[in-house]
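# Breakdown of the fold
Residue strings, one per chain:
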Amino acid sequence: MPQPLRIAVAGALGRMGRQMAQTVAADPRLQLVARFHRPGSTDQGLLERDEALALADVVVDFTTPAASAELAKACAARGGPALVIGSTGFDGAELEAIADAAKKIAVVRSGSYSLGLNVLTGLVEQAASALGAEDCDVEILEAHHRMKVDAPSGTALMLGEAAARGRGVELDDVAKRTRDGHVGPRPTGEIGFAVVRGGSIVGEHSVSFLTEGETLTLSHAAGDRSMFARGAIAAALWVAGRPPGEYDMRDVLGFTAS
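### What about the overall build of the chain?
Along the backbone of the chain there are nine helices and 11 strands. Whereas a compact globule of 258 residues would reach a radius of gyration of roughly 18 Å, the chain reaches 19 Å, a difference of no more than 12%. Principal-axis analysis of the C-alpha atoms gives the chain an extent of 60 × 40 × 35 Å. Expressed as a percentage of the 258 residues in the chain, the buried residues total 48%. Pairs at least 24 apart in sequence give 68% of the contacts found in the chain among residues at least 6 apart. About 12600 Å² of surface is accessible on the chain, with carbon and sulfur atoms providing 51% of the total. Distance between charge centroids for the chain: 6 Å, based on 25 positive and 32 negative side chains.

### Examining the packing of helix H3 (residues 65–77) against helix H4 (residues 92–101)
Working note: a packed helix pair is described by the angle between its axes plus the distance between those axes. Two elements in contact, H3 and H4, have axes whose closest approach is 9 Å; the angle formed by their N-to-C orientations is 20 degrees. As summarised for this structure, H3 and H4 are arranged roughly parallel, according to the angle between their axes. Where H3 crosses over H4, the handedness of that crossing is left-handed. The segment H3 lies against H4, with Pro65, Ala66, Ala69, Ala72, Lys73 and Ala76 engaging Glu94, Ala97, Ile98 and Ala101. A class-by-class count of the residues in the contact of H3 with H4 yields eight nonpolar, no polar and two charged.

### Observations concerning a negative patch on the surface
Taken together, Glu161, Glu170, Asp172 and Asp173 make up a surface patch of like negative charges. Position of Glu161 among the secondary structure elements: in helix H6 (residues 154–167).

### Considering H6
Counted at 1.5 Å a residue, the expected span for H6 with its 14 residues is 20 Å, and the 20 Å between its end C-alpha atoms agrees. The element H6 is largely enclosed, with a buried count of 11 among its 14 residues. Every buried residue belonging to H6 is among Gly154, Thr155, Ala156, Met158, Leu159, Gly160, Ala162, Ala163, Ala164, Gly166 and Arg167, and all of these are buried. One or two residues past the end of H6 sits Gly168, with phi positive at roughly 70 degrees.

### With respect to the sheet that holds strand E9 (residues 204–211)
Sheet strands associate in pairs through backbone hydrogen bonding, adopting either a parallel or an antiparallel arrangement. Taken together, five strands build an open sheet; the order of strands is E7-E8-E6-E9-E10 and the sheet is mixed. Of all strands in the sheet, those bounded by a partner on one side alone are strand E7 (175–176) and strand E10 (214–221). Contacts between helix H5 (residues 115–130) and the sheet are confined to E9 and E10, with E10 contributing the most and set at about 160 degrees to the helix.

### Quick notes on the pairing of strand E2 (residues 30–35)
Pairing of strand E1 (residues 5–10) with E2 involves five bridges; the strand directions are parallel. Note that in E2 the partner of Leu5 across the bridge is Leu30. Once you follow E1 into helix H1 (residues 15–25) and on to E2, the crossover reads as right-handed.

### Some details on the sheet that holds strand E11 (residues 245–247)
Strands sit in the order E2-E1-E3-E4-E5-E11 across an open sheet of six strands; the sheet is parallel. What marks the edges here is a single partner per strand, and that holds for E2 and E11. Looking at each pair of strands side by side, their axes are set apart by 25 degrees on average, direction ignored. Where strand E3 (residues 58–61) meets strand E4 (residues 82–85), four bridges bridge the pair, whose relative direction is parallel. Each residue of the ladder has a partner; that of Asp61, found in E4, is Ile85.

### Notes on the packing of aromatic side chains
All told, the structure shown has two aromatic pairs when counted by the stated rule. When the centroid spacing of 5.8 Å and the interplanar angle of 70 degrees are considered together, the rings of Phe62 and Tyr113 count as edge-to-face. You can see Phe62 sitting in the loop between E3 and H3 and its partner Tyr113 sitting in the loop between strand E5 (106–109) and H5, a full 51 residues away along the chain. Both residues of the pair, Phe62 and Tyr113, count as buried. Summarising the aromatic geometry, the rings of Trp238 and Tyr247 are spaced 5.0 Å apart at their centres and angled 80 degrees between planes, so their arrangement reads as edge-to-face. Classification of Tyr247 by relative accessible area gives buried; the value is 14%. The ring of Trp238 has Arg242 lying over it, and the distance from NZ or CZ to the ring centre is 3.9 Å.

### Remarks on H1
Within H1, burial applies to Met16, Gly17, Gln19, Met20, Ala21, Thr23 and Val24. On its buried face, H1 sits against E1, E2, E3 and helix H8 (226–239).

About the thresholds
Residues numbered from 1 in each chain as written. Predicted model: local features only at pLDDT ≥ 70, side-chain atom pairs only at ≥ 80, totals over all residues. Heavy atoms only, no water. Helix = DSSP H or I, 4+ residues; strand = E, 2+ residues; numbered from the N terminus. Rg over C-alpha atoms; globule rule 2.2 N^0.38 Å. Buried < 20%, exposed > 50% of the residue type's maximum accessible area, 1.4 Å probe, protein only. Contact = heavy atoms within 4.5 Å. Areas by Shrake-Rupley, 256 points an atom, 1.4 Å probe, with all protein chains shown as cover. Lys, Arg positive; Asp, Glu negative; His and termini not counted. Charge placed at Lys NZ, Arg CZ, Asp CG, Glu CD. Axes fitted to C-alpha atoms, helices over the stretch in contact; angles between N-to-C directions. Parallel < 35°, antiparallel > 145°, perpendicular 65-115°, else oblique. Left-handed = near helix turned anticlockwise from the far one by under 90°. Nonpolar A, V, L, I, M, F, W, Y, C, P; charged D, E, K, R; others polar. Patch = residues over 30% accessible without salt bridge, like charges linked within 9 Å, V, L, I, M, F, W, Y side chains within 5 Å. Salt bridge = Lys/Arg side-chain N within 4 Å of Asp/Glu carboxyl O. Expected span 1.5 Å × (residues − 1). Pairing = 2+ DSSP bridges. Right-handed = clockwise from strand over helix to strand, strands pointing away. Phe/Tyr/Trp six-rings, centres within 6.5 Å; stacked < 30°, edge-to-face > 60°. Lys NZ or Arg CZ within 6 Å of the ring centre and 35° of its normal.

Rendered as structure tokens:
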């Protein structure tokens, strides 16, 4: 019988950190070897970061963009462990730090670890390819709980990237993240985003393709955080032993060539 994959959970006291630890502990394919949080957090069975990294084959990280970038640097500096990143809202410097780390270790980074949402991403790309920008507008709506700090969500941006890929354009060139005041007519090819924050919504996303007299909407709703934990476990099992590089859930699910 193969040895269980050794998992360390970053951000262990956060909502997803607690869910990850619980889900990992219940999976016989895995061994929860360490939990860690902010520097100096060593109560509740927590370890310091470097001690945790020394014990793990893979670290699962749902923290903040800055913390994830620093963690990627730390993992790369020691040549491992591999890293599964679920944080969202990165700036350019943080993404560059993760890309540099991925030259030395294997990193999976995704805006969502839901299987259903990643299938939705593929459908959005196909629909955007079939429904041209001249005739069809694209609007992305996302809703999350009141404590979420980044907007649009990483998943919404992932869906926007899929729509842009389907049309052969760069999302940054066509994205409209806010509308306020007298904004004028909608430009051709624009991909719009709308954001809802409130209550305890785990995550709801929809992508609407709007033409004259017709609307097609593709949507997904998350029931609880366990679905994201299961997806992150699939990513951890997949990335263990992989060569250095930055991967996403399309790689994990076999939607792209490895």
